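The lines below spell out each chain.
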Amino acid sequence: DIISLSRGKPGSLNITVTDVKASRIERTEHRIQVAAYVKAVTQLLEQQKITDAEISGSVITQGENGSLATVATNEPFELDIYLKILDQLVADKDSTTRRVLDAPFADVNYHLSYKCDGCEYNAVCMWDSAERMDIALTPYITAIEKRALQSAGVRSLPHLAELMDLPDKQSQNP
């Protein structure tokens, strides 16, 4: 990640916050990450009483041949919408983060996947899922499928198993 500074008009500062990604496709979460950096930079500017600064954000992804654009040639994106999204996720009084923090752990909607393997909280989620026999332990279940089952009242592995109408063992013998 890069924060580049240059002089603008006399007494002003141009700041570009750039997230450099190994992927070929720019995604929303990349821009939200830039917005988080911009918030931090803005707070630093306020602490230092620097009032004449223009901040832009950009994301650099790999080109088809694996090359990367430079900060100077990369197109900035409109930051305002991503700063608002960041506030809705984290900073606002009714943010997603606040709702998750205020909810009992059993009511927090989460999904287990391969992405969890490197997370330091993976053991907590796995233990909780095992303790409650949560459907999150179902192999290959997607987050959308889990949410659909939960909205139908299926929240545990025993409830999921009850959905199957298995034939009686006696009726299987010839």
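Whatever comes next refers back to the structure up there.
Residues numbered from 1 in each chain as written. Predicted model: local features only at pLDDT ≥ 70, side-chain atom pairs only at ≥ 80, totals over all residues. Heavy atoms only, no water.

Q: Could you give an account of the overall build of the protein chain, with specific residues and numbers?
A: For the protein chain, the count of helices and strands is 7 helices and 3 strands. Counting helices and strands in the order they occur from the N terminus, the protein chain gives β-β-α-β-α-α-α-α-α-α. For the protein chain, the C-alpha radius of gyration of 24 Å lies well beyond 16 Å, the compact-globule estimate for 174 residues. Intrachain contacts of the protein chain at a sequence separation of at least 6 include 47% that bridge at least 24 residues. Surface exposure of the protein chain reaches about 12700 Å², of which carbon and sulfur atoms provide 56%. Of the side-chain charges in the protein chain, 18 are positive and 25 negative, and the distance between the mean point of each set is 4 Å. (Helix = DSSP H or I, 4+ residues; strand = E, 2+ residues; numbered from the N terminus. Rg over C-alpha atoms; globule rule 2.2 N^0.38 Å. Contact = heavy atoms within 4.5 Å. Areas by Shrake-Rupley, 256 points an atom, 1.4 Å probe, with all protein chains shown as cover. Lys, Arg positive; Asp, Glu negative; His and termini not counted. Charge placed at Lys NZ, Arg CZ, Asp CG, Glu CD.)

Q: Now, about the pattern of salt bridges: what can you tell me, with residues and values included?
A: For the structure shown, the criterion picks out 8 salt bridges. One salt bridge connects D19 with K21, and the closest N-O pair in it is separated by 3.3 Å. Per residue, the accessibility class of D19 equals that of K21, and both read buried. The residue K39 makes a salt bridge to D87 at a minimum N-O spacing of 2.9 Å. Of this pair, K39 sits in helix α1 (residues 28-47) while D87 sits in helix α2 (residues 80-91), and the two are 48 residues apart along the sequence. The exposure class of K39 is partly exposed, given its relative accessible area of 31%. Among the charged side chains, a salt-bridge network with shared partners connects D128, R132, D134 and K146. (Salt bridge = Lys/Arg side-chain N within 4 Å of Asp/Glu carboxyl O. Buried < 20%, exposed > 50% of the residue type's maximum accessible area, 1.4 Å probe, protein only.)

Q: Pulling in residues and values, what's your account of the nonpolar core?
A: Residues V17, V34, V38, F77 and L79 are the most contacted members of the largest nonpolar core, which totals 14 residues. Contributions of two or more residues to this core are made by β2 (13-20), α1 and α2. The element contributing the most residues to this core is α1, with 6 residues. Here L79 is in contact with V34, A35, V38, I55, S56 and G57, once residues within four sequence places are set aside. Counting 5 residues, the second largest nonpolar core, distinct from the first, contains Y110, L112, C116 and A136. (Core = buried A, V, L, I, M, F, W, Y, C linked by side-chain atoms within 4.5 Å.)

Q: Please set out the packing of α1 against α2 residue by residue, giving values where relevant.
A: It is the contact of α1 with α2, at a shortest axis distance of 9 Å, that shows an interaxial angle of 85°. The angle between α1 and α2 places the two elements in the roughly perpendicular class. Contacts between α1 and α2 pair T28, R31, I32, A35, A36, V38 and K39 from the former with Y82, L83, I85, L86, D87 and L89 from the latter. The class makeup of the residues in the contact of α1 with α2 is 9 nonpolar, 1 polar and 3 charged. (Axes fitted to C-alpha atoms, helices over the stretch in contact; angles between N-to-C directions. Parallel < 35°, antiparallel > 145°, perpendicular 65-115°, else oblique. Nonpolar A, V, L, I, M, F, W, Y, C, P; charged D, E, K, R; others polar.)

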